[in-house]
Amino acid sequence: MRAFAALFEELDTTQSTNLKVAAMSRYFREAPPADAAWAVYILSGRRLKRFIGPALLKRWLIEEAALPEWLIDESYSSVGDLAETIALLTAGTAHSEASSDDTPLADWIEERLLPLREASEDVQRQTIAGWWRELPYRQCFLLNKLLTGELRVGVSQLLVTRALADVTGIERTELAGRLMGEWQPGALFWQALHAAESPRTDPAVPYPFFLASPLEGDPSQLGERDAWQAEWKWDGIRGQLIRRAAECHLWSRGEERITERFPEIVDAAASLPDGVVLDGEVVAWKDGRVQPFALLQQRIGRKKLTAAILATVPVEFLAYDLLELEGRDLRSAPLRERREHLERLLAQASPLLQVSPLVTAPTWEDLAAERADSRQRNVEGLMLKALDSSYGTGRQRGAWWKWKIDPHSFDAVMIYAQPGQGRRSNLYTDYTFGVWRDQELVPVAKAYSGLSNPEIEQLDRWIRAHTLEKFGPVRSVEPSQVFELAYEGIAASGRHKSGIALRFPRILRWRTDKPAAEADTLANLQAMLTSTTGAAPDASHGSS
Amino acid sequence: MPPPLVTVTENGLYCPAGEFHIDPWRPVPTAVITHAHGDHLRYGSTRYLVAEPGVGIARHRLGMDHHPTPLKYGERLQLGATTVSLHPAGHILGSAQVRIEHKGQVWVVSGDYKRQPDPTCEPFEPLPCDVFISEATFALPVYQWQPTGEVVEEIFHWWQANRDRGLASVLFCYALGKAQRVLAELRAFTDETIYLHGAVNILTDVYRKEGVAMLPTMPVTGERKTDYRGALIIAPPSAAGTPWMRRFGDHSSGFCSGWMRVRGNRRRRGYDRGFVLSDHVDWPGLIDTFKATGARKILLTHGYSDALARYLNELGMAAGALETAYGDEEQQ
């Protein structure tokens, strides 16, 4: 684990992508195969389920550090990360690791950590406290991150495959495919990654998703309108629907298997011939039109899919693309060709599988006019795809663009603030905003992002100097600072005091020019409910 | 109970029996100064008392027309009804604790201090006293300092690795104290010339005049095109992100501060590297120091003073927080 901890440190302390790739390549070359496989597993964003809950770890830390609980809490709230707080309080200060234990990463995970799941609490405590005492700082921090199941490394999948391509000599897109789906880290996997022929045998394995980049400015910069396909940007769950070996599988963009969440789509996929893979969007569909994401969300949150919820939130799969036909990988064929196959294929399939319709406006100006109606259609804008493009991997710029509409915005007053997590742990960065109902400010949104670092620091100083009351880590502040907030969607909610729930609220601007009295009212926001969704969804759904 | 020897007034810490202020934040007749950082040494007072090794820096800060009164460490002076002496605090060159004796009672005001060795100044000297007024900048148990030698070695290796990649290394340090400490500590690894930002350069000259041994230095000047690839440049954090930085081209940036102990701070600051090097006392140092003074009461100024006071109370030590206007140069 020593070498992996050093790699983690290196990745954590450089901003240069070339250096990150070089560091990973070096690690992959030098590490034993099983360690390299586990490293790929962790670096590509997969997580081991947490071993120990934070409450237990904190209790053991209080005993180990021999400090009062409130002081541990104070330290934790200043650091913002439990794994790091533990390392800071137990591991000593020296970074030097020369004499430390050099057990390989794979052995740490397979022989030490995984068996810990079955151990008694007492054994867990003794083992972990022992590690805390013995491990040097970096390894102790990494271990705690593994224990809490929160280990995240600041590298993209693209960088990991770049390093792997460098080490294995195999093409990046092929490697991305080999990393998809479910696999067991170990020496065998590492060897399979090097194999000249694709080792794909599991019919459930999806292709890597191709992602669009945001289009800034005018689409005429893309050239001739004729060379581009335009579709609506649906507000649902991007998914890959696989029909192979008489089985059906549905994967989300986050590479999560969501087959069980949408039984009707999986049933519908049985109407497809074998050896077909579709890329598309799962959307809530009712009364012949797509419904707001808020409705779909009610279904995502359910543990059990009852007949009632299936009836309340019916779904459809809107297919964008055809990646595989008759077991043949179509991804390198041009989009216009894939689209023809797709239309022909779905003409014969279940009506729950629809081709995402084209927006046929003949000029960029006409297209812009169509886009202006996005909100009435419950879509987020347009997707523009080059007709001669192949289906790529990840976010490669140039062939696919998302041309989103500007978000809704309103002005709200900051009423509460609390410290952030991680890198923002000793700054007040999590804010609650309110809008006016009569003489009262009603909380409507929490937002964390949107300000520049200097603004955050300035606001932090302001918050400290204008605190009205402290409730634990939360401070109520003088209601005088106005912010313009943007959001993607709005829905009625019985869970919120304001009666509305905003999707993805974020700060657009600090309106230092505006007095608090001129912020928006709750009535303004409620009016948005009806104007954006056609009709306000039944409020009782929101309270579930 | 005898009346307190030191209280907080609108002008700063005040000793009524001696009729003098300590590090006042407004002009007063007599100011006893613990050290020359801007929040402790301010303009406008009539008379300044400063530890002898710090006179050069104090004059530099106040202007050459000022003549602060030098006091040797340990030298006793009558002020009003009190006996006052200055003792090394180990914070920066010329930093001092203020010891005040009156009718058999002894109070000590620490100013800023640290317990780690520092080649640029005399080491902190624990003084037995009744009441100890301490700083509390880093008074949380997560703040424990990495051995200095190891940090300096990390700085040196970072610089060498950047050189191998053809990059300049820009190390941001507070211009008074931290920068000179790094220049002195790096002598263990090299005898190369280090480039300095103007603000650092002036103060480094003052240190050199006081006889502090440091690496040879060169000011960064605008006059001729120097190739900074492979060089180490020391600059104050205020220079980060300014046009002044452009001359270095591709570079790696580092920041020296006790706050760099916490990953969130390192990432938020946006420097490539954070080095845990502080001129303030860490958590174990605070506790050790309080024990060493044998004080019956601890009063805490700037920093996490509430948390530390509560902890000391729970340990059975009388402690409280004092509201002062002192800041934290390591944030800058």
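Scroll up for the structure.
As a convention, each chain's residues are numbered from 1 in the sequence order in which they are written. For naming, the first written chain is A and the first written ligand is 1, with later ones following in the order written. Totals for whole chains, interfaces and linings use every residue, but because this is a predicted model, local features are given only for residues with pLDDT of at least 70 and side-chain atom pairs only at 80 or more, for both listing and counting.

S.K.: When you look at the sheet that holds strand β2 (residues 228–234) of chain A in this model, what are you seeing that I'm missing?
M.R.: Where strands meet in a sheet, backbone hydrogen bonds hold them as pairs that are either parallel or antiparallel. Residue and element names in this part refer to chain A. Two strands qualify as a pair provided that DSSP identifies no fewer than 2 bridges between them. Starting at the N terminus, helices and strands are each numbered in turn, a helix being any DSSP run of H or I of at least four residues and a strand any DSSP run of E of at least two. Strand order in the open sheet formed by four strands is β1-β11-β10-β2, with mixed pairing between adjacent strands. Both edges of this open sheet fall to β1 (213–214) and β2, since each of them pairs with a single strand only. In terms of strand pairing, β1 meets strand β11 (residues 400–404) through two bridges, oriented parallel. The residue of β11 that forms the bridge with P214 is K402.

S.K.: Explanation requested: the nonpolar core in the structure shown.
M.R.: Burial of nonpolar side chains together is a common tendency in soluble globular proteins. Put simply, a nonpolar core is buried Ala, Val, Leu, Ile, Met, Phe, Trp, Tyr and Cys residues tied into one set by C-beta atoms within 7 Å. The burial label depends on the number of other C-beta atoms within 10 Å of a residue's C-beta. Counts of 20 or more mean buried, 12 or fewer mean exposed, and intermediate counts mean partly exposed, with C-beta atoms placed from the backbone. Among the nonpolar cores identified, the biggest contains 157 residues, and A39(A), L171(B), I233(B), I234(B) and L308(B) are the most heavily contacted of them. With eight residues, the top contributor of residues to this core is helix α3 (residues 33–43) of chain A. Reported domain spans reflect what an automatic or database domain assignment gives. For this core, the two domains that each supply at least three residues are domain 1 (7–142 + 279–331) and domain 2 (148–275) of chain B. Beyond its immediate sequence surroundings of up to four residues, I233(B) is in contact with A168(B), S169(B), V170(B), L171(B), Y195(B), V220(B), Y228(B) and F248(B). Grouped together as the second largest cluster of nonpolar side chains are 90 residues, V266(A), V276(A), V282(A) and Y428(A) included. Two residues qualify as being in contact provided that their C-beta atoms, derived from the backbone, are within 7 Å of each other.

S.K.: Quick question: what am I supposed to make of the sheet that holds strand β19 (residues 318–321) of chain B here?
M.R.: All names here are of chain B. Strand order in the open sheet formed by seven strands is β7-β8-β9-β10-β11-β18-β19, and the pairing between neighbours is mixed. Only two strands of the sheet have a single neighbouring strand rather than two, namely β7 (77–79) and β19. Across the sheet, the mean angle separating the axes of adjacent strands is 25° when strand polarity is ignored. Taken together, the five bridges between strand β9 (residues 96–102) and strand β10 (residues 105–109) define a ladder with antiparallel strand orientation. Orientation is described by lines fitted to C-alpha atoms, with helices fitted over the stretch in contact, and by angles between N-to-C directions that extend from 0 to 180 degrees.

S.K.: So what exactly am I meant to see when it comes to the pairing of strand β5 (residues 276–286) of chain A here?
M.R.: Strand residues, when the strand is regular, have side chains that alternate between the two faces of the sheet. Residue and element names in this part refer to chain A. When you tally the buried positions in β5, you get 10 out of 11 residues, the bulk of the element. Note: strand β3 (residues 237–244) against β5, seven bridges, orientation antiparallel. By the bridge assignment, Q240 is partnered in β5 with D279. Inspection of the sheet shows β5 paired to strand β6 (residues 289–290) by two bridges, in the antiparallel sense. Its bridge partner being in β6, W285 is matched across the sheet by V290. Remark: two residues form the turn of the hairpin made by β5 and β6, two consecutive strands paired antiparallel; D287 in that turn has positive phi of roughly 50°.

S.K.: Even after reading the chapter, I still don't get the interface of chain A and chain B, so can you show me in this structure?
M.R.: Where interface size is given, it is often the accessible area lost as the parts come together that is meant. Between chain A and chain B, the contact holds 26 residues from the first and 18 residues from the second. For the side of chain A that touches chain B, the secondary-structure elements that each account for two or more residues are α5 (69–79) and α6 (82–90) of chain A. With five residues, α5(A) is the largest single contributor of residues to the side of chain A that touches chain B. Charged means Asp, Glu, Lys or Arg here, nonpolar means Ala, Val, Leu, Ile, Met, Phe, Trp, Tyr, Cys or Pro, and polar covers whatever is left, Gly included. Its residues placed into classes, the side of chain A that touches chain B shows eight nonpolar, 13 polar and five charged.

S.K.: What should I look at first to understand helix α2 (residues 17–30) of chain A in this one?
M.R.: Since the α-helix packs 3.6 residues into each turn, any two residues three or four apart lie on the same face. Residue and element names in this part refer to chain A. One less than the number of residues in a helix, times 1.5 Å, gives the span that helix is expected to have. Its 14 residues give α2 an end-to-end C-alpha distance of 20 Å, which sits within 8% of 20 Å, the value for a rise of 1.5 Å per residue. By the burial criterion, the buried members of α2 are K20, V21, A23, M24, Y27 and F28. The buried side chains of α2 occupy one side of the element, clustering within an arc of 160° when seen end-on. Across α2 from its buried face, at more than 90 degrees, point the exposed residues N18, R29 and E30. Each element contacted by the buried residues of α2 is listed here: α1 (2–12), α3 and α10 (157–168). Regarding the arc, it is the one traced by the directions from the helix axis to the C-beta atoms.

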